[in-house]
Amino acid sequence: MRDTGSHLAGSPAQAPKPALVGTPTEFTAALRALRSWSGLTYRQLEAKATAHTDTLPASTIATTLGRTTLPRERFVVAFTRACGLAEEDVRQWLEARRRIAVGEPAPTVDEPEPTGDDGDGPDSGASVPSRRPLWRRAVGLALAATTGAAGALAIGGLLDTSKSPTPPGAMPVAGLRILAVGSWALIHPARTPGSCLTEGRDRTGQYETAVAAQRLCSKAVLPHVFLEPVGADIVQIQWHHPKYSIGCLTVLLNGAGRDLLEPREDCADDNRAQQFRIEPLGPQAPTHFRIRPVITDQCLSLRGQDVKEGTEVVQGRCSGAADQDFLIELIPPPQAPAASLPNGRHDAAASKRSEVRPTA
């Protein structure tokens, strides 16, 4: 069921359907496909959920979609509404979740999906208040390859691709096994592999807000780093923090922070200052990469080729120097949405976040 109001142009492709999914892994893969169909970023989904009076932090969305376990019912309700589904469609997703939770087999292709009104199972009693979807648009489907070939075929059968562009491949970044929906990662300067790209500060004192720097990985507990593909070999580098939510690393093009990288809350897939091309250094170094801001086509490096703790990451002319070599380590999703540090405080060196500033 779709809202076919006059404000929608054209005939949008059909949203992914959960009727035939049979496992938690397939269910979360279908949710990822739904998110791609919606065309919304994590922060936009959070805002849409808030408009529906639901609570759905962007960091929770990223963490949940990165797992292969069955999401909570409350998440399914808030997420599907935020994606723009009508209430009948939301009920179908809840019924599919209930069926998987109690171990019922998926219906055959010719068997209609139950409505979930029979009261069977632990989640069937949950009501879905009637609310009008606010906004939706159809885009190409991006199905993450976390279910293997068989799972991908099973989920692919649920999607109407007749009016959609070809989905991106299972490896949107050459030489790096990032999922189509994105992956959690650690980024290490190759010269100091025990260090991670994380929050720091401008050691000159000229720029006061948080910037990207290298610190020992043992000290770089937060933020969590998430790489989200936005094009062939191009990603957003997102920082997920329990206090500051999501910030996208953004190249500063002028002012006191020129050439530094700052986490910005105004993440946008079309902001070229937030896009980074990931280039393999070659077959002799399969885990080594060059990271290039799309807006300038320069290369990220350590400021002044320094290796000290807290050295800032900056953009500059691509020279092939050793400090422009980075290791990218893909890691499992956090076990739970990022929690506060034990003392409930954040590192003072990175405690300031900037207001939105122009990037050009």
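Data block above holds the structure.
Residues numbered from 1 in each chain as written. Predicted model: local features only at pLDDT ≥ 70, side-chain atom pairs only at ≥ 80, totals over all residues. Heavy atoms only, no water.

Break down the state of the cysteines for me, citing the residues and quoting the values.
Summed over the entire model, instances satisfying the criterion amount to three disulfides. Each disulfide pairs two cysteine sulfurs, and for cysteine 196 the partner residue is cysteine 217, the sulfurs being separated by 2.0 Å. Between cysteine 196 and cysteine 217, the disulfide has an S-S torsion of 95° and is therefore right-handed. Of the two residues, cysteine 196 sits in strand E2 (residues 195-200) while cysteine 217 sits in the loop between strand E3 (211-216) and strand E4 (224-231), which places them 21 residues apart along the sequence. The class of cysteine 217 is partly exposed, set by a relative accessible area of 23%. In this model, cysteine 299 is linked to cysteine 318 through a disulfide, with the two sulfur atoms separated by 2.0 Å. Taking the sign of the torsion about the S-S bond as the criterion, the disulfide between cysteine 299 and cysteine 318, at about 95°, is right-handed. Residue cysteine 299 is found in strand E10 (residues 299-302), and its partner cysteine 318 is found in the loop between strand E11 (313-316) and strand E12 (326-331); the two are separated by 19 residues along the sequence. (Disulfide = S-S within 2.5 Å. Helix = DSSP H or I, 4+ residues; strand = E, 2+ residues; numbered from the N terminus. Buried < 20%, exposed > 50% of the residue type's maximum accessible area, 1.4 Å probe, protein only.)

Go over unusual backbone geometry, please, and point to the residues and values.
Of note, the bond from leucine 222 into proline 223 is cis; its omega dihedral lies within 30 degrees of zero at 0°. Within the fold, proline 223 resides in the loop between E3 and E4. Residues other than glycine seldom take positive phi values, yet threonine 53 does so here, at roughly 65°. Residue position: threonine 53 is located in the loop between helix H2 (42-51) and helix H3 (58-65). The exposure class of threonine 53 is exposed, given its relative accessible area of 62%. Backbone geometry at glutamine 305 places phi at a positive 55°, although glycine is not the residue there. Looking at the element boundaries, glutamine 305 is found in the loop between E10 and E11.

Residues and numbers for the packing of H2 against H3, please.
Contact pair H2 / H3: the axes reach a minimum separation of 8 Å and the direction vectors enclose 120°. In the packing of H2 onto H3, the handedness of the crossing is right-handed. Where H2 abuts H3, its residues Tyr42, Arg43, Leu45 and Glu46 lie against Ala58, Ile61, Ala62 and Leu65. Here the contact of H2 with H3 is composed, by residue class, of six nonpolar, no polar and two charged. (Axes fitted to C-alpha atoms, helices over the stretch in contact; angles between N-to-C directions. Left-handed = near helix turned anticlockwise from the far one by under 90°. Contact = heavy atoms within 4.5 Å. Nonpolar A, V, L, I, M, F, W, Y, C, P; charged D, E, K, R; others polar.)

An account of H2 is requested, with residue identities and associated values reported.
Within H2, the full set of buried residues consists of Tyr42, Leu45 and Ala49. Angularly, the buried residues of H2 cover 60° about the axis, an arc narrow enough to put them on a single face. Tucked inside the fold, the buried residues of H2 contact helix H1 (24-38), H3, helix H4 (73-82), E4, strand E5 (234-241) and strand E6 (245-251). Where H2 ends, the next residue or the one after it, threonine 53, has phi of about 65°, a positive value. (Arc of directions from axis to C-beta.)

Just give me the short version of the packing of aromatic side chains, but keep the residues and values in it.
Scanning the entire structure with this criterion turns up four aromatic pairs. Summarising the aromatic geometry, the rings of tyrosine 42 and phenylalanine 226 are spaced 6.0 Å apart at their centres and angled 70° between planes, so their arrangement reads as edge-to-face. A residue pair is termed long-range when its members are at least 10 positions apart, and tyrosine 42 in helix H2 and phenylalanine 226 in strand E4 qualify at 184 residues. One aromatic cluster in this structure is built from Tyr42, Trp184 and Phe226. Positioned above the aromatic ring of tyrosine 42, the side-chain terminus of arginine 35 is 4.4 Å from the ring centre. (Phe/Tyr/Trp six-rings, centres within 6.5 Å; stacked < 30°, edge-to-face > 60°. Lys NZ or Arg CZ within 6 Å of the ring centre and 35° of its normal.)

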